[in-house]
Amino acid sequence: MGIQITPSILNADLSRLADEVARIPSADWVHVDVMDNHFVPNLTLGLPVIEALGKHASQPLDAHLMIEDPDRWAPAYAEVCGSVTFHVEAAKAPVRLAREIRAQGARASMALKPATPIEPYEALLPELDMVLIMTVEPGFGGQKFLDLCLPKIRTARELMRKHGVETWLQVDGGVSLETIERCAEAGADVFVAGSAVYSADDPDAMVEALRAKAEQAQD
């Protein structure tokens, strides 16, 4: 599995989402940030909007649930998204939840806040299709990349190799042309980029530029 770029529509023009997604044809996924104003101090898109967006996006949707009680809500997102990420800090039964997401036909992913270590969740890796390492505090776009998360990315990749799993390793937060190489060198292979993509004059050209930078770092 090569480098994958998944632009976040949190930084797009939310009044014309279908048109905004059409501006990134080279993207591998469309990243959708779901926030409930409880788990994080912000409120964004819910399931009805995501269902509507899925009818217009040519790429699969990558839903990042920054919400309380994902055990209750995540399976419904798995019915309409290709990948669903829940935060381990909010999940009551992460193994059962991952299996429910997979049962709906979606990829199951677990997210970790910057201060949450990966080691206590090592045993969960075989149950997951992807691990998301947050490189900013979840809740808002446009934040500065936290270099202190790089060792955790390396540790996550080492644990994946140890268990012989082909789990994707995603990073989200402050990913740009200036930071993506460091993430790729540490072992990440899936990159969420919001501000970097949608603040560019040509969002799709930025998707390709980010991909090239990450591929160079892995060579």
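These numbers come from a predicted model, not from an experiment.

Undergrad: Please give an account of the environment of Glu 119 that cites residues and values.
TA: Relative to the elements of secondary structure, Glu 119 occurs in the loop between strand 5 (107–112) and strand 6 (130–134). By relative accessible area, which is 43% here, Glu 119 ends up partly exposed. Considering only alpha carbons, one finds Glu 119 and Ala 156, 37 residues apart in sequence, at a separation of 7.9 Å. Once residues lying within four places of it in the same chain are set aside, the contact partners of Glu 119 are Thr 155 and Leu 159.

Undergrad: Account for the pairing of strand 4 (residues 83–87), naming residues and giving values.
TA: A large share of strand 4 lies buried, amounting to five of its five residues. Alternating positions in strand 4 separate into two faces, Ser 83, Thr 85 and His 87 on one and Val 84 and Phe 86 on the other, with burial throughout. With helix 3 (residues 70–78) bridging strand 3 (residues 61–66) and the parallel strand 4, this β-α-β connection has right-handed handedness. As paired elements, strand 4 and strand 5 share five bridges and run parallel to each other. Residue pairing across strands places Ser 83 opposite Arg 107, the latter belonging to strand 5. Read from strand 4 through helix 4 (residues 94–103) to strand 5, the crossover connection turns out right-handed.

Undergrad: Any chance you could break down empty space enclosed by the protein for me, citing the residues and the numbers?
TA: By the definition in use, this model includes one cavity of 30 Å³ or more. Taken as a whole, the largest cavity holds about 30 Å³ of empty space. Forming the walls of the largest cavity are Trp 29, Asp 62, Ser 83, Arg 107, Met 130, Trp 168, Gln 170 and Val 190. Split by residue class, the lining of the largest cavity holds four nonpolar, two polar and two charged.

Undergrad: If you had to explain the pairing of strand 7 (residues 168–172) to someone new, which residues and values would you point to?
TA: Of all five residues making up strand 7, five are buried, and the element is well covered by its neighbours. By the alternation rule, side chains of strand 7 split into Trp 168, Gln 170 and Asp 172 and Leu 169 and Val 171, which are all buried. In terms of strand pairing, strand 6 meets strand 7 through five bridges, oriented parallel. Paired with Leu 132 across the two strands is Gln 170, which belongs to strand 7. As paired elements, strand 7 and strand 8 (residues 190–193) share three bridges and run parallel to each other. Bridge pairing links Asp 172 to Val 192 in strand 8.

Scoring rules and cut-offs
Residues numbered from 1 in each chain as written. Predicted model: local features only at pLDDT ≥ 70, side-chain atom pairs only at ≥ 80, totals over all residues. Heavy atoms only, no water. Helix = DSSP H or I, 4+ residues; strand = E, 2+ residues; numbered from the N terminus. Buried < 20%, exposed > 50% of the residue type's maximum accessible area, 1.4 Å probe, protein only. Contact = heavy atoms within 4.5 Å. Right-handed = clockwise from strand over helix to strand, strands pointing away. Pairing = 2+ DSSP bridges. 1 Å grid on protein atoms, 1.4 Å probe; cavity = no way out; pocket = protein on both sides within 12 Å on 5 of 7 lines; lining within 4 Å. Points joined across faces, edges and corners; volume = space filled by probe spheres on them. Nonpolar A, V, L, I, M, F, W, Y, C, P; charged D, E, K, R; others polar.

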